[in-house]
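# Understanding the architecture of this molecule
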Amino acid sequence: MSDYDSVSADVETEEEIPEDHPRYQDLLTRHRIEAGVEKGITHLQGMHAEGRGSAFDYLLGEETIPSADEAERAAAAQLLLADRPVLSINGNVAALVPGEMAALADAVDADLEVNLFNRTPDRIEAIAEHLREHGADDVKGLEADARIPNLDHERSKVDADGIYAADVVLVPLEDGDRAEALDEMGKTEIVIDLNPLSRSPQVADVPIVDNIIRAVPTITEHARDLADADEATLRAIVEDFDRERALEAAEKRIRSGEL
Ligand code: PTJ
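Rules of the game
Residues numbered from 1 in each chain as written. Predicted model: local features only at pLDDT ≥ 70, side-chain atom pairs only at ≥ 80, totals over all residues. Heavy atoms only, no water. UniProt positions renumbered as here; feature names shortened; annotations may be inferred. Helix = DSSP H or I, 4+ residues; strand = E, 2+ residues; numbered from the N terminus. Expected span 1.5 Å × (residues − 1). Buried < 20%, exposed > 50% of the residue type's maximum accessible area, 1.4 Å probe, protein only. Core = buried A, V, L, I, M, F, W, Y, C linked by side-chain atoms within 4.5 Å. Contact = heavy atoms within 4.5 Å.

Naming follows an unreviewed UniProt entry, where the chain appears as 4-phosphopantoate--beta-alanine ligase of Natrinema altunense. Its UniProt record gives the chain the following Sequence similarities (unreviewed entry) comment, quoted word for word: "Belongs to the archaeal phosphopantothenate synthetase family." Of the chain, the UniProt comment under Pathway (unreviewed entry) reads exactly: "Cofactor biosynthesis; coenzyme A biosynthesis."

### Description of the UniProt feature "binding site: ATP" (unreviewed entry) in the chain
UniProt's feature table lists "binding site: ATP" (unreviewed entry) at Arg30, Arg52, Asp193, Leu194, Asn195, Arg199, Ser200, Asn211 and Ile212, given in the numbering used throughout. An extended arrangement is adopted by the annotated residues: their sequence extent is 183 residues, and the largest C-alpha distance between any two is 24.1 Å. Inspection of the secondary structure puts Arg52 in helix 2 (residues 45-59). Summarising the element assignment, Asn211 is placed in the loop between strand 8 (206-208) and helix 9 (212-225).

### Regarding helix 9
The terminal C-alpha atoms of helix 9, which comprises 14 residues, lie 20 Å apart, in line with the 20 Å expected from a rise of 1.5 Å per residue. When you tally the buried positions in helix 9, you get ten out of 14 residues, the bulk of the element. Every buried residue of helix 9 is accounted for by Ile212, Ile213, Arg214, Ala215, Val216, Thr218, Ile219, Thr220, His222 and Ala223.

### Observations concerning the nonpolar core
Residues Leu87, Met101 and Ile208 are the most contacted members of the largest nonpolar core, which totals 53 residues. By residue number, the principal contributor to this core is helix 3 (residues 66-81), which donates seven residues. Ile208 has contacts with Ala71, Glu72, Ala75, Ile190, Val191, Ile192, Asp193, Ala215 and Ile219, leaving out every residue within four places of it along the chain. Counting residues in each nonpolar core, the second largest holds 13 residues, with Ile148, Val169, Val171 and Leu182 among its members.

Okay, here's the thing in structure tokens:
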């Protein structure tokens, strides 16, 4: 048995996971999802979503492939160009990258809005509180005073001055219904999803096929690099980005099995 096999599944804190473990990111992700379920912010179904994501990430080599990095740069440019950017948060996103989402919101001057598939007042409150503990100033999604048309589940509930009025929305880790409905509303959508064949990246203007744990800090880094860029430069980055090519590159990498 190697030292690595001896990492227990029930570590108490993420600091106990050895950073040089070859599957460090996967163990960290699993640990954060479990902690999220225990804290009442992540739904049990979030564990299934995580398992699916983890399988795709394994096939991607658990790294940000060049086409994903290009998408992350285009996402940063798109968010900087936006008049009313909003970053949507569900139970998995809150568990995995709360501080990183707060930092991105700060870098691109966006709002954070909680939007849940399995919506309950307790989860909404717990997630908003968790985000505040990780540096978010203002969290939307509690009012839910507007509805996304043509969507008959809880995800249609949004804030009138948040997702409803947004021009650019970052939609990470979800099924495709709301992504399609937001697309029909004419929003520019940035989607983070490890499955390039899922409906949400398929309808996205900027599909990012990468683990959210790597994607969000990378978008923030690009946004900081581009903070002083003029509008023409940002528009050129957005126009040069080819969504079809990005999806094809990710699918090819996953199918090739070259790890
Ligand atoms: O918190 P709630 O109530 O809003 O529910 C959230 C979940 C995630 C349970 C709900 O949106 C759901 O069931 O989503 P799906 O249909 O399982 O879709 C999740 C997608 O995210 C899948 O395509 C996964 O491959 C992908 N995914 C999972 N983990 C990651 C990921 N993508 C990027 N990074 C990850 N860490």
